[in-house]
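A closer look at the structure
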Amino acid sequence: MIKKIRWGILGTGSIAHQFARGLRAAEGAELSAVGSRAAKTAEAFGNEFDIPRRHATYEALASDPEVDAIYVATPHPMHKECTLLSLNHGKAVLCEKPFAVNVREAAEMVKTARDKKLFLMEAMWTRFIPVVVKAREWVRQGKIGEVRMLQSDFGFRAGWDETSRLLDPKFAGGALLDVGIYPIALAYFFLGGGPQRIVSTATLGDTGVDEQNAIVFEYASGALALLSSAVRTNTQQEAFILGTEGNIKLHAPFWKATKATLTVDGKGEETCEIPHKGNGYEYEAEEVMQCMRAGRLESPVIPLDETLAMMETMDAIRAQWGMKYPFE
């Protein structure tokens with residue numbers, strides 16, 4: 001019989017709700033506890049998802065002996081603090097993306113996990129979605145030849161609220177960290193890592209954060225990634241991997257795709273369609289649990305060194321725009 005992993009969710013916002021729903025479809029998962037900054041919100045979340053243990057502080061959740069792994073679901077600037085709190089209480093951690101606000105924070109988180117020999121992973125859930133896994137298999141099998149270009153966008157138009165986490169620099173707002181990480185992570189996944197050169201530009205709005213951006217990665221092989229993200233502009237939310245002998249389309253929304261189309265030059269199309277078991281978040285939870293049961297301290301699908309490299313890339317992109325957060 002598969003060993004149950006007892007989960008605690010740290011935070012009770014929108015993404016915490018999404019993860020809790022996904023966890024219901026994750027084999028071997030037990031949602032045991034939730035931690036909030038107030039008893040009222042912890043109780044409400046616990047009632048919604050039938051969670052037996054409700055904690056009115058993050059510290060109480062982190063120290064709960066009935067919890068094996070913690071999902072950190074707080075706003076971006078709190079990821080480091082909450083991850084370190086959890087690690088320092090001996091818990092495995094799945095930290096919502098972006099992993100941290102900058103590479104300096106990320107490096108401290110990774111060092112702590114490695115020093116304590118505890119599991120830690122960035123919650124880049126797209127990598128574990130079956131259709132995306134299938135698309136990578138096609139690439140590795142040489143179905144589209146050598147990959148020459150990747151195109152990906154993730155943009156939506158949020159309402160104007162300068163105090164919202166999307167637009168307020170105090171919350172590390174802007175498109176890059178919130179949704180730009182998806183196209184960047186996709187480029188790393190399909191092009192074998194980070195670029196040798198980055199060219200980027202952004203529209204910095206009234207609050208000083210990037211409302212939209214455009215990024216080009218250039219690789220030593222000559223491959224290019226054309227990436228964009230936005231929080232004030234709707235985009236198609238598609239992704240294309242373009243090779244010398246064909247292409248792959250991840251249908252919108254690519255970041256939680258259930259459909260991919262392989263087109264091989266002169267041989268027609270093949271479509272793969274795989275619905276999620278739950279809402280898609282279950283797959284990253286299953287990866288964490290598989291790693292924990294196998295005694296691994298990080299995932300081979302999104303290793304910590306790659307998370308650090310992506311944070312370093314985003315730091316470099318922001319430096320090109322001259323965009324800093326007030327707490328940096």
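Use the structure listed above.
Residues numbered from 1 in each chain as written. Predicted model: local features only at pLDDT ≥ 70, side-chain atom pairs only at ≥ 80, totals over all residues. Heavy atoms only, no water.

A few points about the pattern of salt bridges
Taken as a whole and judged by the stated rule, the model has 19 salt bridges. Arg-148 is paired through a salt bridge with Glu-146; the nearest N and O atoms lie 3.6 Å apart. Salt-bridge contacts for Asp-315 lead to Arg-318; the nearest nitrogen and oxygen are separated by 3.6 Å. With Asp-315 and Arg-318 both in helix α9 (residues 304-321), this residue pair falls three residues apart, about one helical turn. Since its relative accessible area comes to 4%, Arg-318 is described here as buried. Each of the salt bridges in this network shares a partner with another, and the network as a whole consists of Arg-6, Glu-66 and Asp-68. (Salt bridge = Lys/Arg side-chain N within 4 Å of Asp/Glu carboxyl O. Helix = DSSP H or I, 4+ residues; strand = E, 2+ residues; numbered from the N terminus. Buried < 20%, exposed > 50% of the residue type's maximum accessible area, 1.4 Å probe, protein only.)

What to know about unusual backbone geometry
Geometrically, the link from Lys-97 to Pro-98 is a cis peptide bond, its omega value of -10° lying close to zero. Position of Pro-98 relative to the elements: it lies in the loop between β5 (92-96) and α5 (103-116). Pro-253 follows Ala-252 through a cis peptide bond whose omega is -10°. Inspection of the secondary structure puts Pro-253 in the loop between β12 (246-250) and β13 (259-264). Non-glycine residue Asp-50 carries a positive phi angle of around 55°. Look at Asp-50 and you get exposed, because its relative accessible area is 66%. For Ala-172, which is not glycine, the phi dihedral falls at a positive 60°. Along the polypeptide, Ala-172 turns up in the loop between β7 (147-155) and α7 (175-191). Of the residues examined, Ala-172 reaches a relative accessible area of 0% and is grouped as buried.

Examining the nonpolar core
In this structure, Trp-7, Ile-184, Phe-217 and Leu-250 are the most contacted members of the largest nonpolar core, which totals 113 residues. Residue contributions to this core peak at 14 residues, all from α7. (Core = buried A, V, L, I, M, F, W, Y, C linked by side-chain atoms within 4.5 Å.)

Here we look at the sheet that holds strand β14 (residues 268-273)
The eight strands lie next to each other as β8-β9-β10-β7-β11-β12-β13-β14, forming an open sheet whose pairing is mixed. Every interior strand has two partners, whereas the edge strands, β8 (197-204) and β14, have only one. For this sheet, the mean inter-axis angle between neighbouring strands, taken without regard to orientation, is 10°. In this sheet, β14 lies alongside β13 in antiparallel orientation, the contact comprising six bridges. Bridging across to β14, Ala-260 finds its partner in Cys-272. Together, β7, β11 (239-243), β12, β13 and β14 form the strand contacts of helix α6 (residues 130-140), whose direction differs from that of β12 by roughly 170°. Relative to the sheet, α9 contacts β8 and β9 (210-218), its axis offset from that of β8 by approximately 55°. (Pairing = 2+ DSSP bridges. Axes fitted to C-alpha atoms, helices over the stretch in contact; angles between N-to-C directions. Contact = heavy atoms within 4.5 Å.)

Spatial relationships are all this shows, so hold off on functional conclusions.
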